[in-house]
Amino acid sequence: DGVVQGRGIKCRLCTKALKKIQALAGDDPDEAAVVKALKKGCQALGRAKGRLCQQLVNKYRDQITEGLQNGDTPQDICTALGICRS
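Quantities reported herein were computed from a predicted structural model and do not represent experimental measurements.

K.L.:
I'd love a proper account of helix α2 (residues 31-43), names of residues and values included.
P.N.:
When the terminal C-alpha atoms of α2 are compared, their 19 Å separation across 13 residues agrees well with the 18 Å that a helix rising 1.5 Å per residue should span. Along α2, the positions that sit buried rather than exposed are V34, A37, L38, G41 and C42.

The structure is reproduced here in C-alpha cells:
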C-alpha cells in the first residue's frame, strides 16, 4: 500500500511540476524555451520538491521536452512516463 501512496505523491508532484514548466515554456515552445522552463519550473517548487523535480527532469528530459512540444497535458506526460496511472 505504501508504494501506491508514494506513487500518488509522485504523480501529483509530476503533474504540478509539469504544469508549472508548461506555463513557463509558453504555448508553442521550442526546445530552448522548454529547457529554460525545466530549470525554472523546478526551482519554483521550493528546495525539497525542487530536488525531486530536478531528478525527474534529468531522468525524463527528452520525453518531457517532446511531450510539451506536442502539446500533451501534464497528466498525459506523467502517465506516459509511468509515474501516474492512467
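K.L.:
Can you break down the nonpolar core residue by residue, with the values?
P.N.:
L18, I21, V57 and I64 are the most contacted members of the largest nonpolar core, which has 23 residues in total. Among the elements of the structure, α1 (2-25), α2, α3 (47-70) and α4 (74-80) are those that each provide at least two residues to this core. Looking at this core, the element that brings in the most residues is α1, giving 7 residues. The contacts of I64, once residues within four sequence positions are left out, are L18, L38, L56, V57, I77 and L81.

Definitions and cut-offs
- Residues numbered from 1 in each chain as written.
- Predicted model: local features only at pLDDT ≥ 70, side-chain atom pairs only at ≥ 80, totals over all residues.
- Heavy atoms only, no water.
- Helix = DSSP H or I, 4+ residues; strand = E, 2+ residues; numbered from the N terminus.
- Expected span 1.5 Å × (residues − 1).
- Buried < 20%, exposed > 50% of the residue type's maximum accessible area, 1.4 Å probe, protein only.
- Core = buried A, V, L, I, M, F, W, Y, C linked by side-chain atoms within 4.5 Å.
- Contact = heavy atoms within 4.5 Å.

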